[in-house]
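A look at the structure
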Amino acid sequence: MSTQSSGTKALISENYLDFPSQRWYYLGFGALLQACKAVDVISSFVSSENRMYLCRKWLLFDTLYCILLALLRIPRLNYSKAVVALQIICVCFADALFFGGVSVNLWGDESVVSTSISGHHDVAYTPETTTFMDILAPFTGLFSSQATQNDAHLLGQHTVRMSPIGTAQLNPYGETLCLPPSGDAILIPVLLNNTNPVNLKFSLTPLGLKPGQPEFTDLSGKELRTIEQARVAALQLTRPASQEVVDEYDEYDDDDPTSKQSFSLQSTQSLVHIRLEKPGVLKLERVLDSSSTEARLVIPSDMIIVPCPRAEFAPDEHVEDSIRCAGQGNDVQLMMDINGVPPLRLRWSKTVNGNREPYLVEGIEGGHHSDSSLSSDHSSQVAITTSGSDRRTTAPERLQVPLSISLDIPGRHVYALEEVVDAVGNTMVISSSSSADDHTAVRSFTILRRPAVAFKHCSPEHPVSLAIGSEAALAISAIDADTLDAPWDINIKYQPHSGDSGNKRFKVWRKTVSMQGNRRDLSIGASAPGEYMITGVKGKWCAGDVLAPESCNVVERPMPTAEIKWTKIHECSGDTGVSATLVLHGTPPFHVYYEIQKDSEAPKELSKTFATSRGQFMLQPEQSGHYIFKFTKISDANYQRVAFDGPSIDQVIHPPASADFVGVPKGLGRKKALNSCEGKFIDVEVELRGSPPWSLELQLVGPRSSDILTFPDINTNRKQLQIPVPATVDKEGGTFEIDLISVEDKSRCKLPISVPGISVNVRRLKPTVKFYGADGKRQTTVLEHERTGLPLRLTGEAPWHIKYRRAGDNSVVSAKLTSPNDYVYVTEKGVYEILEISDAQCSGTVIADSSDYRVDWVPRPTAQLSEHTSATYEPLNGSYILPPLCEGINDHVDLDLTGRPPFQIMYNIAQGNEQGGTRLIDQPVFNSIQPRTRFQLHTSNPGRVYYEVKQIGDTAYPLEKHKNTPIPRNERLLFEQQVSLRPNARFKNRNRLAYCLYDVFAPLDKLSSDGLVVLEGTPPFQLELSVKNLATSHVEMQTVEVHDHAWKLGLQNYQFTSVGAHLVVIQSVADASNCAHATLDPLATSVWVDVAEAAAIVPIDRREDFCVGEAAQFQLEGTPPWSIGYRINGKAYTQEAKVSPFSLLQQQPGEFVVTSIAHQQKMCKASITDLRFSVHPLPSAQVGHGKRVLQDIHEGDQAEIVFTLIGEPPFTFTYQRSELTTGRNKHGKVLETHTVSRVYSNEYSIFSALEGTWTVTSISDRYCRYPPIQPEIGAEKARA
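If you look the protein up in an unreviewed UniProt entry, it shows as Nucleoporin Pom152 from Lentinula raphanica.

**Here we look at the packing of aromatic side chains**
Scanning the model with the defined rule gives 40 aromatic pairs in all. Centroid distance Trp566 to Phe629: 6.3 Å. Interplanar angle 40 degrees. Geometry classified as tilted. With a gap of 63 residues between them, Trp566 in strand β34 (residues 561-571) and Phe629 in strand β39 (residues 625-635) connect regions that are remote in the sequence. Here the two residues Trp566 and Phe629 agree in accessibility, since each one is buried.

**Some details on the confidence of the model for the protein**
With 87% of its residues at a pLDDT of 70 or more, the protein shows a mean pLDDT of 82. A low-confidence stretch, residues 1-7 (pLDDT under 50), is modelled with 14 contacts involving residues beyond four sequence positions or located in other chains.

**Side note on the nonpolar core**
Counting residues in each nonpolar core, the largest one holds 46 residues, and the members touching the most others are Phe1114, Phe1152 and Ile1157. Beyond its immediate sequence surroundings of up to four residues, Ile1157 is in contact with Ala1095, Ala1096, Ile1097, Leu1116, Trp1122, Ser1123, Ile1124, Cys1164, Lys1165, Ala1166 and Ile1168. Membership of the second largest hydrophobic core comes to 27 residues, among which are Leu466, Ile492, Val513 and Ile524.

**As for the state of the cysteines**
Using the criterion set out here, one finds six disulfides in the structure. There is a disulfide in this structure between Cys1107 and Cys1264, and the S-S distance comes to 1.9 Å. Residues Cys1107 and Cys1264 share a disulfide whose torsion about the S-S bond is about -105 degrees; that sign makes it left-handed. Taken together, the residues span a long stretch of sequence, with Cys1107 in strand β80 (residues 1105-1107) and Cys1264 in the loop between β94 (1252-1260) and β95 (1265-1266) at a distance of 157 residues. Left unpaired, Cys66 is separated from the closest cysteine sulfur, that of Cys92, by 7.9 Å.

**Observations regarding the environment of Glu595**
Position of Glu595 relative to the elements: it lies in strand β36 (residues 590-598). Here the alpha-carbon distance between Glu595 and Lys633, two residues 38 residues apart in the chain, equals 9.8 Å.

**Some remarks on the packing of helix α2 (residues 51-72) against helix α3 (residues 81-98)**
In contact at an axis separation of 9 Å, α2 and α3 are set at 160 degrees when each is read in the N-to-C sense. Taken as axis vectors, α2 and α3 run roughly antiparallel relative to one another. Considering only the axes of α2 and α3, their crossing is right-handed. Within the contact between the two elements, α2 uses Cys55, Trp58, Leu59, Asp62, Thr63, Cys66, Ile67 and Ala70 and α3 uses Val84, Gln87, Ile88, Val91, Cys92, Asp95 and Ala96. Of the residues contributing to the contact of α2 with α3, the split by class is eleven nonpolar, two polar and two charged.

**Let's talk about the environment of Pro1020**
If you trace the backbone, Pro1020 turns up in the loop between β73 (1012-1016) and β74 (1021-1029). When its relative accessible area of 37% is taken as the criterion, Pro1020 is described as partly exposed. Residues Pro1020 and Asp1044, spaced 24 residues apart in sequence, show a C-alpha to C-alpha distance of 6.9 Å. If near-sequence neighbours (up to four positions away) are discounted, Pro1020 is found in contact with Glu1041, Val1042, His1043, Ala1070, Asp1071 and Ala1072.

Conventions we followed
- Residues numbered from 1 in each chain as written.
- Predicted model: local features only at pLDDT ≥ 70, side-chain atom pairs only at ≥ 80, totals over all residues.
- Heavy atoms only, no water.
- Phe/Tyr/Trp six-rings, centres within 6.5 Å; stacked < 30°, edge-to-face > 60°.
- Helix = DSSP H or I, 4+ residues; strand = E, 2+ residues; numbered from the N terminus.
- Buried < 20%, exposed > 50% of the residue type's maximum accessible area, 1.4 Å probe, protein only.
- pLDDT = per-residue confidence, 0-100.
- Contact = heavy atoms within 4.5 Å.
- Core = buried A, V, L, I, M, F, W, Y, C linked by side-chain atoms within 4.5 Å.
- Disulfide = S-S within 2.5 Å.
- Axes fitted to C-alpha atoms, helices over the stretch in contact; angles between N-to-C directions.
- Parallel < 35°, antiparallel > 145°, perpendicular 65-115°, else oblique.
- Left-handed = near helix turned anticlockwise from the far one by under 90°.
- Nonpolar A, V, L, I, M, F, W, Y, C, P; charged D, E, K, R; others polar.

Structure below.
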């Protein structure tokens, strides 16, 4: 594909259509043409009658396609002139080939057609005549629309038809037509039958009571065609728009008269149109066809054309007032202007909130019909007389009709005028404009609901609370309102309570607030107590209603206060705290905030919550000091953290003494547990409260006794005490408890203590661990990576935690054990050592002499070559090289195996290839129960064979369970062996060789594979052959040395001395490997040689004149196949023959001469000098000079039928007349047949007044006849 040059611009600029799209469209157009051509090609094979017409058509289309592509100059599709010319030549040749314009003999002059004639032998064809005029012959009728017949000798036909009577019918479909208000013209159809109009005359009479002068108009055939072209163009423009119109009229729709135009016309019918722009009575006066014959007019020949009816809403000064309120002036009267011929029908519809209701009003007409009341334009009548009957039609009138409507339902109201029908039957669909300002066909109203508002979450029974100094939010809700009516203005009035009227803060006021359309709630602020009322509401269009509750009461809440009384709490140690009694005023719940200050520390604020108006609580600090208690703030439901100057109390507090064990959980019956593994004391920590110093008493409770311990002079809040272990428990172990009894502080006030104590568990035996082994043997042997458990023996209390490691590995492993006879599990081999142990209470010891355990693996099986095997080790690749041997000789090696029998051995067998690599042949597995096994080698295929032991299995490591653990590649046993190929020889094919008598046995054709010997093995080869002469039974032996793998059979010292068959056999073959040759195939090691004498040809029929299409028969002598040389008109040809007798079908006129004959693959050639004869062409006949003549005549006329005769006079021909047919490829019934003899001229004429089709069926001249009396292959070929 060439690219566009810089100086060449495309015909269509890229600004209009980009180049890829141009290429896509043009190639798509070409693909469409080729698809259509494929359909024509298939149809031409089904019926060959139109082949030449199709050929000419596609020659024209394809040529124009190539020329147009060159003119467009599309980039990447722009070619040079030479390439364009070559394209045209190629497509023309392809079209001629597809449609029979050119026939190609694929097999050349040597092709033989296997069609039998009476002698039951094959028939060959001479080449057809091919001249320049013959090539142009299929294209001579390129621009003719007639299809040629497929019989080249009998061409043409003459068809005579009787012309029928033509008719013309005005308005054939009975349509009612009218002139549109826009002033555009309308088209009135005229149906023509058997008429080709050249002139149409019509008249138009104006409407009116008094008939006016008609206006006559003549339309020529050109004007009619112009009107038709404009109509078709307008239809193509308006059809997509008309398809989008949706029919909205269901039960009221009348039949659409235009649907009748969809009826298809008959073959003899045509349709023309009259263009009309004025109303009146239209009458068709005359129609003339191309033969100046006046067509018969179908009655009625006239029709009435009136202006189209119209209906619209009359202009109204309140047309913009489309928004109204519900219940406010709901009755409206709309005026409609209706124009047309009364009485009229009007279809209109009412749509309320999407629900459509259709209506139909009939009998609309005016009340005055006299000439005096209205002008002539409105009251005149028109009188129409058709076929003796009178019809009176009122002229168009303009009427005003009122339409009363009710607008009582809120929502969208749409009133639309849809269709108007006049008295003549003209129906006009009224379409509304898309503009919002067009109110001629549609009037719409929006009816709004009255807005209604009320207070939300507030009423006189449920007032809104107002805090002092703040503002309360009052919610107003719009319950029923239209968004289109927004915004709404709401009137609010404030009225103070009766007791507050004297204060200036509480002053009556009124104000208006606005609510937007996207909101239905409004909030207003109330800063003063009193009554707030909604007095009215009004939207943008409509006034509204106020719903209950229409008022909201706002009440101001007082500040919270409190009455507080302090009381001191006194015990034996002194003042221990205070209690407060509170009486609260306000709205519960209450939050009271107070401060506690100790000594000089910063005060801390705390709070207390009370759900009722009275409360009491106590404050008892845990530490001694000077405290100040003071109330600071108070909160209730309405106020938060109101400053409150409450009473305070100042007091020195000494809390009572108390003590607890640190870390002991709170609650009765819950004790802390301690464990003691060694030592005579237990450390416990206590926490003391009160005033130091303290004196603490503890009780020790043992299994048999109890002791009381006293710890005086404790000066710190926390003290760690050393508790002695009771002697009996310390000796034997056991459990004892420690409890707190009493505590005494600085005030000498001794108080009992009841808190949870401590339970101590004393153990004097430490846990131990060791590995267990029967008879002291701590060792086990397992399979590789098999999980095994090492037995342990433990003492102590579960659970145990031990640490161990494997010798040589620095990582330490921890394990948790729950049984005294538990196991640790390992997967690696080695010596495992226990490092430490601890149980649930104490650390223990590891028994030294039993702290290790040994784990060993069972060794995997191995294989190696026996020491008696003869092999050479190659360290480069680690392989053993076995001695070479010849193909097919059995051999083996011995393998020594170690492991636990029986064994399974998996090994790979590979063979080297010519590229230097290896190819895996097999991966077998064999079994052996003995440690030494015999391994069979593979010697059936020659080449380098490699063996690799991939995996060995035994009882411990069976292959089924260890498939994924093969032997590492560097440890596998490898051995290899060279297997030599046995020499072999065979002929590549068994085709017979042909020689002539006394030829030397030398190669005939070096390029042919006949007689080629293929050798296998290692060169050089010694080849022994025998040549046997079957005629003399003489056998001669020959020995040949060959240095290649292929040898062309040739024995220079051997000469063929007798005629007949010779057999050449390969007796033996040897190569350089010294291996015995393989078994020779008797069929593949022998070939036949035929030795023959010269060939001869003798004609069977001694005729001197033949016709084209006849077969000349010859008797051939010699050995097939034969090669026959001949000349036609001086040009030489060659024909192959395989059987005798031999027939040659003559396809060229002129002199035919046989020059030579040869056999044995064109050998042993003989010259012929006395065999020649003449071939004459077949005669031809044409009707109408070979064309399809179609002639129309009227009654009384005659038609001349001309026959053209081609050949050597005198002529005899037969013609026939058949009836007319409607189909293109159908043949009519034969009505008559005639034969004319002794015609010496080349043209013959007859005259006939009959209707039919004349054709020639046969013709004969001086030498030949067509078609032959007895049809044979020659005639069939000639007709094709």
